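# Reading the structure
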Amino acid sequence: MSSINRPLAGPVLAFDLAEQIAALRSEEPYQRSGRAGRTLAKSGRFRLVLTAMSTGNEIGTHQADSPMTLQVVQGALTFRSSGQEYTMTAGQVLFFGPGEAHDIRATEDSALLLTLSAVGDDYRPEESANS
């Protein structure tokens, strides 16, 4: 049974990101591992996920099933993909496509917002190129 007692979908959802980040940092998972995340919204294929990370915390290499954006809300982090390393700070956004192997490391206490728009094979880059 899910412990979520807040709406994840609706015609309009508003979030105070500073308040959400403070709540994540006060939770046991963050205290234990230096990382905690929360899905703020989901509707169909869309997901909006907020993650707080302490300095030095790393999300290991994994594959994305869909195109995503990663927006740094607070702090700074490095993002590694396909042999490239990107240094990102608050206010910057990175787009990456499905299948990209990547890892993320917080270089200071940070928070990031991930936006996922599709799952699996419903993303067809050849169709978007022709639009």
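All values reported here derive from a predicted model rather than from experimental measurement. (Residues numbered from 1 in each chain as written. Predicted model: local features only at pLDDT ≥ 70, side-chain atom pairs only at ≥ 80, totals over all residues. Heavy atoms only, no water.)

## A look at the overall build of the protein
Broken down by element type, the protein carries three helices and nine strands. In sequence order, the protein lays out its α and β elements as α-α-β-β-β-β-β-β-β-β-β-α. Each of the 131 residues in the protein was classed as buried or not, and the buried ones make up 35%. Sequence separation of 24 or more characterises 67% of the internal contacts of the protein that already satisfy a separation of 6 or more. Split by element, the accessible area of the protein, about 7,600 Å² in all, is 50% carbon and sulfur. (Helix = DSSP H or I, 4+ residues; strand = E, 2+ residues; numbered from the N terminus. Buried < 20%, exposed > 50% of the residue type's maximum accessible area, 1.4 Å probe, protein only. Contact = heavy atoms within 4.5 Å. Areas by Shrake-Rupley, 256 points an atom, 1.4 Å probe, with all protein chains shown as cover.)

## Regarding the sheet that holds strand E6 (residues 84-89)
Reading across the sheet, the four strands line up as E3-E8-E5-E6 and stay open at both edges, with antiparallel pairing between neighbours. Both edges of this open sheet fall to strand E3 (58-63) and E6, since each of them pairs with a single strand only. Within the sheet, the average angular offset between the axes of one strand and its neighbour, ignoring direction, is 15°. Note: strand E5 (residues 76-81) against strand E8 (residues 101-106), five bridges, orientation antiparallel. Bridging from a neighbouring strand, Thr-78 pairs with Arg-105 of E8. (Pairing = 2+ DSSP bridges. Axes fitted to C-alpha atoms, helices over the stretch in contact; angles between N-to-C directions.)

## Regarding the pairing of strand E2 (residues 46-53)
Of all the eight residues making up E2, six are buried; the element is thus mostly covered by neighbouring parts of the structure. Relative to E2, strand E1 (residues 35-43) is paired through eight bridges, and the arrangement is antiparallel. Across the sheet, the residue bridging to Arg-35 is Met-53, located in E2. Sheet analysis places E2 next to strand E9 (residues 110-116), joined by seven bridges and oriented antiparallel. Note on E9: the bridge partner recorded for Val-49 is Leu-114.

## Remarks on the confidence of the model for the protein
Summary statistics for the protein give a mean pLDDT of 84 and a share of 85% for residues scoring 70 or more. Across the protein, the element-wise mean pLDDT spans from 45 in helix H3 (residues 125-129) up to 96 in helix H1 (residues 17-26). Note on residues 123-131: pLDDT is under 50 here. Beyond four places in sequence and across chains, it has four contacts. (pLDDT = per-residue confidence, 0-100.)

## Focus: the nonpolar core
Formed by 17 residues in total, the largest nonpolar core has its most connected members in Leu-70, Leu-77, Phe-79, Phe-96, Ile-104 and Leu-112. Those elements that place two or more of their residues in this core are E2, strand E4 (68-74), E5, strand E7 (93-96), E8 and E9. Setting aside chain neighbours within four positions, we find Leu-112 in contact with Val-49, Leu-50, Thr-51, Met-53, Leu-70, Gln-71, Val-72, Val-73, Leu-77 and Ile-104. Grouped together as the second largest cluster of nonpolar side chains are eleven residues, Leu-40, Ala-52, Ala-111 and Leu-113 included. (Core = buried A, V, L, I, M, F, W, Y, C linked by side-chain atoms within 4.5 Å.)

## Observations concerning the sheet that holds E9
In a beta sheet, neighbouring strands pair by backbone hydrogen bonds and run either parallel or antiparallel. On the basis of which strands lie adjacent, the open sheet formed by five strands has the order E1-E2-E9-E4-E7 and antiparallel pairing. Sheet topology places E1 and E7 at the edges, where each strand pairs with a single neighbour. Averaged over neighbouring strand pairs, the angle between their axes works out to 20° when direction is ignored. Sitting on the sheet, H1 touches E1, E2, E4 and E9, and the angle it makes with E2 is about 60°.

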